[in-house]
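Descriptive structure summary
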Amino acid sequence: MTKKTPFDRLKDDMDRRSPSGEKKGPQEWHYPELGLRVTAESKEAADARAAEIVAARG
Amino acid sequence: MASGVYNEFKGDVLKKVHDLVNDTVKVALLTSSAAFDADNDNWADISSNEVSGTGYSAGGATLGSKTVTVDNTNDRASFDGADTTWSTSTITARFAAVYDDTHASDRLICLFDFGSNQTSSNGDFTIAWHANGILLLT
């Protein structure tokens, strides 16, 4: 597979944004203090999943 | 094994076939006539055993609030979604099949065996997914 150039990555990022600059589609949210990275449609869904995993750890 | 992950899906993961957060993933209910066969590939392979009942639409329900989580504390990753509910339904089901409805062939992902028939009678039929998620890769 051809490695993406910085320009390709920038274009990918722009493609994920609406004309207003808001990101479209799922995004990844990082919770470094919990060791979690959650990809979800919304921050609320990501927060809920992170909380569920932490609760399951006990 | 009465529940499991389909072999073709395991291969698909290695071939970058699915994007489970972006794709439409469906949850369908099956009668006790179904059985888990890891060699099945597509929804059409098992859909003949789909349930019918009040409050249930053929093809199943769309999984909401999908997430893919990388857990660097426990060294694992999971796929999860909101609990799936058929409201005001009258259903008898033994299995739940999860499949990728965006895939051209509606690729099967996994099958869950409830262990016995589960029913709703003019009420909610809810699948409460495990806290570890629908799929857990360790």
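Bear in mind the structure is a predicted one, so any value in this text is a computation, not a measurement. (Residues numbered from 1 in each chain as written. Chains lettered and ligands numbered in written order. Predicted model: local features only at pLDDT ≥ 70, side-chain atom pairs only at ≥ 80, totals over all residues. Heavy atoms only, no water.)

Next up on the list: the overall build of chain B. Helix and strand counts for chain B stand at one helix and eight strands. Ordered by position from N to C terminus, the α and β elements of chain B give β-α-β-β-β-β-β-β-β. For 138 residues, the compact-globule estimate of 2.2 N^0.38 gives 14 Å, and chain B sits close to it at 15 Å. If one aligns the C-alpha atoms of chain B with their principal axes, the spans along those axes are about 40 × 30 × 25 Å. Put simply, chain B has 138 residues, and 44% of those count as buried. Long-range contacts, defined here as pairs at least 24 residues apart, represent 71% of the contacts in chain B between residues at least 6 apart. Roughly 6,500 Å² of accessible area belongs to chain B as shown, and the carbon and sulfur atoms make up 44% of that amount. (Helix = DSSP H or I, 4+ residues; strand = E, 2+ residues; numbered from the N terminus. Rg over C-alpha atoms; globule rule 2.2 N^0.38 Å. Buried < 20%, exposed > 50% of the residue type's maximum accessible area, 1.4 Å probe, protein only. Contact = heavy atoms within 4.5 Å. Areas by Shrake-Rupley, 256 points an atom, 1.4 Å probe, with all protein chains shown as cover.)

Bringing the packing of aromatic side chains into the picture now. Residue and element names in this part refer to chain B. Tallied over the full model, the rule gives six aromatic pairs over all chains. Considering the side-chain rings of F114 and F125, the 6.2 Å spacing of their centres and the 50° angle between planes classify their relative orientation as tilted. Residue F114 is classed as partly exposed on the basis of its relative accessible area of 25%. Under the relative-accessibility criterion, F125 is labelled buried at 5%. In this structure an aromatic cluster arises from ring pairing among Y56, W86, F114 and F125. (Phe/Tyr/Trp six-rings, centres within 6.5 Å; stacked < 30°, edge-to-face > 60°.)

Moving on, we come to the environment of D124 of chain B. Residue and element names in this part refer to chain B. Considering the arrangement of structural elements, one finds D124 in strand β7 (residues 107-127). The exposure class of D124 is exposed, given its relative accessible area of 54%. Sequence separation of D124 and V27 is 97 residues, and the distance between their C-alpha atoms is 15 Å. Residue contacts for D124: discarding those within four places in its chain leaves T85, W86, S87, T88 and S89.

This part takes up the pairing of strand β5 (residues 76-80) of chain B. Residues and elements named next belong to chain B. Judged from the five bridges that link them, strand β4 (residues 67-71) and β5 form a sheet pairing that is antiparallel. For T69, the partnering residue across the bridge sits in β5 and is S78. Between the end of β4 and the start of β5, which pair antiparallel, lie four residues, with D75 showing a positive phi angle near 55°. Note that β5 and strand β8 (residues 135-137) share three bridges and pair antiparallel. Looking at β8, one finds that A77 is bridged to L137. (Pairing = 2+ DSSP bridges.)

As a further point, take the nonpolar core. Residues and elements named next belong to chain B. In terms of nonpolar packing, the biggest core is built from 34 residues, with L29 and W86 touching the most fellow members. Secondary-structure elements contributing two or more residues to this core are β2 (25-30), β6 (84-100) and β7. Element by element, the count of residues in this core is highest for β6, at eight residues. If sequence neighbours within four positions are ignored, L29 has contacts with N49, E50, V51, Y56, W86, I91, A93, F95, A96, F114, F125 and I127. (Core = buried A, V, L, I, M, F, W, Y, C linked by side-chain atoms within 4.5 Å.)

Another point: the side chain of D12 of chain B. All names here are of chain B. Secondary-structure assignment places D12 in helix α1 (residues 7-14). Only 2.7 Å separates the side chain of D12 from the side chain of R107, close enough to count as a polar contact. Setting aside residues no more than four positions away along its own chain, D12 makes contact with V17, H18 and R107. (Polar contact = N/O pair within 3.5 Å; in protein donor to acceptor, adjacent residues only side chain to side chain.)

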